[in-house]
Amino acid sequence: MAEFVHVTLARSARRIQRSGIAARSAGHAGGRGVYCMPVLPSFTLTYQWVRELRRWHSGVLVAVHLRLPDDEPVTVGHYGAPPRAVTAAQAVAAVRGLDDPRGCEVFVPRAVTTAEVRRIRDVPQGVGWRYLPGAHGRRPCPCPACLPRGARNVAKLRRRFPDNEPPRPKGELMARLRTAATADEIIDVLWELGRGRRGGAEDLAYLADHPDPHVRDTLESVLRAYRGREARRLRARLQLNDAATSTPESC
C-alpha cells in the first residue's frame, strides 16, 4: 500500500472521518479528485504544502494520512507542468527519487473512502515553502494574482515592492543577464524581460540548454511576451526537450 498526505482545513476533519475525502479539486486534464503528497523521509518535504495553502485558506490546516493500493491509477508532476499518469506506487517512487521534490503533487481522480483514511494529525502551520519553491530571498511579485487583496502583509509588501516601476531597457537587462552568476539571478532578469513585448528572442537561445530546470521553465514562460518566429521556435524546442526528459525519475 502507498501512503500519502492530504492537507485540508481542520473543520473538515470530522466530516472526513465520517464520509472520506470528497473529490472536489479539479485535475489538469479535467475531472475531479483529491490532491496529495507521498509520505517522504523528510518531515518538511512531506508537509511542504501547508504554508502555501495557508495563503488561500483561512483557518487551521491538518494533515490526513491515507493509504491507496499500489496499482491505483493516479497522476504525478510538478504543479507548474503537465502531470504523468502512473500507479500510486510509481508516483511514490518518482517523488522519492528526486533531489528536490518541492512543488510535486499527486492527483487521485476519485474520492477517498473512509477505509483508506488512516489518521488525521495536527501539523505546524509554517512548514514548507510559500509563493513558489526557492522563493526565500527573491523579490516577491506584487501583482494581484501572486498577492491577492486581503492576504497577510500584502499592503506592506506592495509598499516595499511597487508594481508601477517603469521597466528597465532591454540593453541594461541583457547586460545583467550576461553577468548573472546564479540561476536565481538569471530568473530575476528573465521575469523583468517578460514585463513588456519584445523582439530578439535569439539572444536568449543559449539558455535553452541551461542545466537548471527552473531557468528553462521561466524562459519558456517569458518567451510568450516575445514577438516573431524565433520566439515560437525556441518555445517549441523547450517544450520538446521537457517532454523528452520526462522519465520515471522526474515527478
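This is a predicted model, so every value here is computed, not measured.

Trainee: What am I meant to see in the packing of aromatic side chains here?
Mentor: Between two aromatic rings, the relevant description is the distance of the centres plus the angle of the planes. Counted under the stated rule, the structure contains 5 aromatic pairs. Ring geometry for W49 versus Y79: centroids 5.9 Å apart, planes at 80 degrees, classification edge-to-face. Linking W49 in helix 3 (residues 49-54) with Y79 in the loop between strand 5 (73-78) and strand 6 (84-87), this pair joins segments that are 30 residues apart in sequence. Taking relative accessible area as the criterion, Y79 reaches 30% and is therefore assigned partly exposed. One aromatic cluster in this structure is built from W49, Y79 and W129.

Trainee: Can you walk me through the pairing of strand 7 (residues 104-108) in this structure?
Mentor: With 5 of 5 residues buried, strand 7 lies mostly within the body of the structure. Across the two faces of strand 7 the burial is the same, with C104, V106 and V108 and E105 and F107 all buried. Of the pairings in the sheet, the one linking strand 3 (residues 32-38) to strand 7 comprises 3 bridges and is antiparallel in character. Within the sheet, the bridge partner assigned to V34 lies in strand 7 and is V108. Summarising the sheet, strand 5 and strand 7 pair through 4 bridges and their orientation is antiparallel. Counted as the bridge partner of T75 is F107 from strand 7.

Trainee: How should I be thinking about the pattern of salt bridges in this particular structure?
Mentor: Oppositely charged side chains can pair when the atoms bearing their charge come close. Applying the stated criterion across every chain, the model contains 9 salt bridges. Between E52 and R55 there is a salt bridge, with its nearest N and O atoms 3.0 Å apart. Note on E52: relative accessible area 8%, which makes it buried. A salt bridge links K170 to D203, with the nearest nitrogen and oxygen atoms 3.8 Å apart. A residue pair is termed long-range when its members are at least 10 positions apart, and K170 in helix 6 (residues 170-179) and D203 in the loop between helix 7 (183-193) and helix 8 (213-222) qualify at 33 residues. K170 sits in the partly exposed class, given a relative accessible area of 22%. Look at the salt bridges and you will find they share partners, linking E72, R110 and E116 into a network.

Trainee: Just to check I follow, could you spell out the packing of helix 7 against helix 8 for this structure?
Mentor: Describing two packed helices takes the angle between their axes plus the distance from one axis to the other. The N-to-C vectors of helix 7 and helix 8 enclose an angle of 5 degrees; their axes lie 9 Å apart at closest approach. Compared by their axis directions, helix 7 and helix 8 come out roughly parallel. Contacts between helix 7 and helix 8 involve A183, I186, I187, L190, W191 and L193 from the first element and H214, V215, T218, L219, S221 and V222 from the second. Across the contact of helix 7 with helix 8, the residue classes tally to 9 nonpolar, 3 polar and no charged.

Trainee: Would you mind going over the packing of helix 6 against helix 7 with me for this structure?
Mentor: Where helix 6 meets helix 7, the closest approach of the two axes is 9 Å, and the angle between their N-to-C directions is 165 degrees. Judged by the angle between their axes, helix 6 and helix 7 are roughly antiparallel. The chirality of how helix 6 crosses helix 7 is left-handed. Residues K170, L173, M174, R176 and L177 of helix 6 touch helix 7, and the partners they reach there are I186, V189, E192 and L193. Residues of the contact of helix 6 with helix 7, tallied by class, amount to 6 nonpolar, no polar and 3 charged.

About the thresholds
Residues numbered from 1 in each chain as written. Predicted model: local features only at pLDDT ≥ 70, side-chain atom pairs only at ≥ 80, totals over all residues. Heavy atoms only, no water. Phe/Tyr/Trp six-rings, centres within 6.5 Å; stacked < 30°, edge-to-face > 60°. Helix = DSSP H or I, 4+ residues; strand = E, 2+ residues; numbered from the N terminus. Buried < 20%, exposed > 50% of the residue type's maximum accessible area, 1.4 Å probe, protein only. Pairing = 2+ DSSP bridges. Salt bridge = Lys/Arg side-chain N within 4 Å of Asp/Glu carboxyl O. Axes fitted to C-alpha atoms, helices over the stretch in contact; angles between N-to-C directions. Parallel < 35°, antiparallel > 145°, perpendicular 65-115°, else oblique. Contact = heavy atoms within 4.5 Å. Nonpolar A, V, L, I, M, F, W, Y, C, P; charged D, E, K, R; others polar. Left-handed = near helix turned anticlockwise from the far one by under 90°.

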